[in-house]
Amino acid sequence: MDTDLVRQVYAASYRRLVGQLYGVCGDLGEAEEVVQEAFARAIQHERKFRRADNPEAWLRTVAVNLSRSRWRPRILGERLQRKAHRAESSQPDLSPDHVALVAALKQLPAAQRQVIALHHLADLPVHEVAEAVGAPVGTVKARLSRGRSALAELLADREEASHA
Amino acid sequence: MRDLDELLDPVVSRRASDAARTPDFAAVQRWGVQRRRRARVAAVGAVVAVVATASAVAVEVPSDRSDTAPAGVIEYEGPDGELARAIESGEAKLHDVYLGRNDSLLTVWRQRVSEPTRSDPGLRYGFTLNADGSARWSPARFDGVLVSELRAGSYLVQDGAHGVGDVARAVYVADVDGIRRLDVAETSADFSIRYDGFAKLSVDRRASSQVYAVDLETLTAWPVAEETDGAFLDIGTIGPTDDGGFWLVGEDRMTYLDGDGEQTRYRIAGMRDPSIHRLDAEVTRDGRPVSVWSDFSPGGLHDPHQLKVSTVRDGEVVTNHLGDVNYSELGSAALLPDGRLLVYAGETLLRTTDPRWRSVKDLGPVEWLPSSFYTLHEAAGEVCLAPIGVMGQQDRETRCSTDGQSWEPVDLTP
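Values in this document were obtained by computation on a predicted structure and should not be read as measured data.

Definitions and cut-offs
Residues numbered from 1 in each chain as written. Chains lettered and ligands numbered in written order. Predicted model: local features only at pLDDT ≥ 70, side-chain atom pairs only at ≥ 80, totals over all residues. Heavy atoms only, no water. Helix = DSSP H or I, 4+ residues; strand = E, 2+ residues; numbered from the N terminus. Buried < 20%, exposed > 50% of the residue type's maximum accessible area, 1.4 Å probe, protein only. Contact = heavy atoms within 4.5 Å. Areas by Shrake-Rupley, 256 points an atom, 1.4 Å probe, with all protein chains shown as cover. Pairing = 2+ DSSP bridges. Axes fitted to C-alpha atoms, helices over the stretch in contact; angles between N-to-C directions. Salt bridge = Lys/Arg side-chain N within 4 Å of Asp/Glu carboxyl O.

A. Fine view of the overall build of chain B. When its secondary structure is counted, chain B shows five helices and 28 strands. The burial tally for chain B puts 56% of its 414 residues in the buried class. Counted over contacts in chain B with a minimum sequence separation of 6, partners at least 24 positions apart contribute 45%. Surface exposure of chain B reaches about 18,300 Å², of which carbon and sulfur atoms provide 45%.

B. A look at the pairing of strand β19 (residues 305-313) of chain B. All names here are of chain B. Counting buried residues along β19, eight of its nine residues qualify, which places the element largely inside the surrounding structure. The sheet contact formed by strand β18 (residues 289-295) and β19 spans five bridges and is antiparallel. What sits directly across from W293, in β19, is K308. In this sheet, strand β20 (residues 316-325) lies alongside β19 in antiparallel orientation, the contact comprising nine bridges. Directly across from S310, in β20, lies its bridge partner T319.

C. Looking closely at the sheet that holds strand β2 (residues 93-99) of chain B. All names here are of chain B. Overall, antiparallel pairing links the four strands, which are arranged β2-β3-β4-β5 in an open sheet. Among the strands making up the open sheet, the edge pair consists of β2 and β5 (134-137). In this sheet, neighbouring strand axes are inclined to one another by 20° on average, regardless of whether the strands run parallel or antiparallel. Both strand β4 (residues 123-131) and β5 contribute to a ladder of four bridges, which runs antiparallel. For N130, the partnering residue across the bridge sits in β5 and is A135.

D. Quick peek at the pattern of salt bridges. Applying the stated criterion across every chain, the model contains 14 salt bridges over all chains. Residues A:R41 and A:E37 are paired through a salt bridge, measuring 2.8 Å at the closest nitrogen-oxygen approach. Taken as a pair, A:R41 and A:E37 lie in helix α2 (residues 28-44) at a separation of four residues, close to a single helical turn. Owing to a relative accessible area of 12%, A:R41 belongs among the buried residues under this scheme. B:R340 serves as the salt-bridge partner of B:D338, at 2.8 Å between the closest nitrogen and oxygen. Taking relative accessible area as the criterion, B:D338 reaches 40% and is therefore assigned partly exposed. For B:R340, a relative accessible area of 19% puts it in the buried group. Members of the salt-bridge network, linked through shared partners, are A:R16, A:E56, A:R60 and A:E128.

E. Local environment of the sheet that holds strand β28 (residues 408-409) of chain B. Residues and elements named next belong to chain B. Here four strands make up an open sheet; going across it, the order is β25-β26-β27-β28 and the pairing antiparallel. Only two strands of the sheet have a single neighbouring strand rather than two, namely β25 (374-379) and β28. Here β25 runs beside strand β26 (residues 382-387); their pairing, made up of six bridges, is antiparallel. Bridge assignment links H377 to a residue of β26, and that residue is C384.

Following this line, the structure appears as structure tokens:
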């Protein structure tokens, strides 16, 4: 089995993908996990991966799909179990405002959080975000608009509370 | 704090990329190779199981993503069936647990059966039903399984649905008599007849979900009411009452639908954003609606919140303050057999001191819980704490209690 392509993409794209999934997951360790899982699946389905027009986009879509299930309330137990057994991972060096932003993102519905993280934090164009989340461009734009409004309200609440 | 436009900055992703640990590729390669080998073994095993059982029981072969749902009755498998053997071998993972009010237990299992694609994760689901002292296994043929208890011991299983927003391919009634397909009607429910129960079904793409009245004699569900006020992030529980009416509890309101189909709505004051504030919506064993929620005011997201429980009594919304808790996205309630309410919110277990829920006692942390991701269920003559989405964690206990203080483990094996 020839995994040279996967190895090359891993060297070129792994860190970037983790950065992109960080905003989606809200946790660096989880972002690392879903991206590693996506690469493992690329090896498992190596022929399909080779046929992908854009291997990095293929991996990103798989990773976003994997992260999606983590945020359904009924399976939070698995996430907690993994956290308990995983060695403490370092978190990015962010300003307090950005830490608050990531925390507020976690409060958004998954669909809004994904598009906000991928478009604004990962700097992906809307059509690539649409491909990653499997939704039409128009839907992504609507989620971006609603997500920004919800995010602004959450951050305003926090700001108000800190000055109280 | 800076303006939102300034905050939404790609520097967040760049910093995360810089901090990322990069495992050696060889480790990831080994992982992928192991997955490939396990998938081949599972595929061969599935073929062998199908050949072995085809002549024994009338079980349909799990199909690919076909929109043609099977009609009629699905036979339960026996202890030698595909799902039973997959559970025993570990190929099937524990996915979710539903405790019935008649001491029955429905357990959902998931199994990898094909290569994942963007639209299909390659998973199939089945369930086991423990009732009347016997175990029954469904085929592992469902694309997703969303379960609700229709009445004691009788469950509705939505095939293809994982949660709100999904549309089920088909709905089945599962009980000791079998797994029978439910016909979903388009005409409205006729309240001149009495129904076996009511359920929220996601079967219409045009609506986020609808409430249906279910008649088990004709295996038919009729639409009763449609949710139009925004999108539910969680499904509120619906329960029938003795007079034939039922409660619909969700978002920031509780709606009573009487035996003639007339609706009375009660809004819970103070719940600004139900998607964040509402922790649980239930109808208790004695027919009372309950909404457990966090009141964020005063203060913000990261300050201690007031944990509140709302119900309807004598035609009015009654809200009681149970105590101050740290923010948690989890919360559940269940009624003890003596009428006192048990509430679990993250790490805190509270029990009201009387059946009118006017005051509460903090029972303290539940010592046997390995994590806070547990939810309360009402079972026959007791309440149970079960893990939220066990996802293969076979060692995660479910325990039950009659008073909220002494907890006995439950055996979940089929």
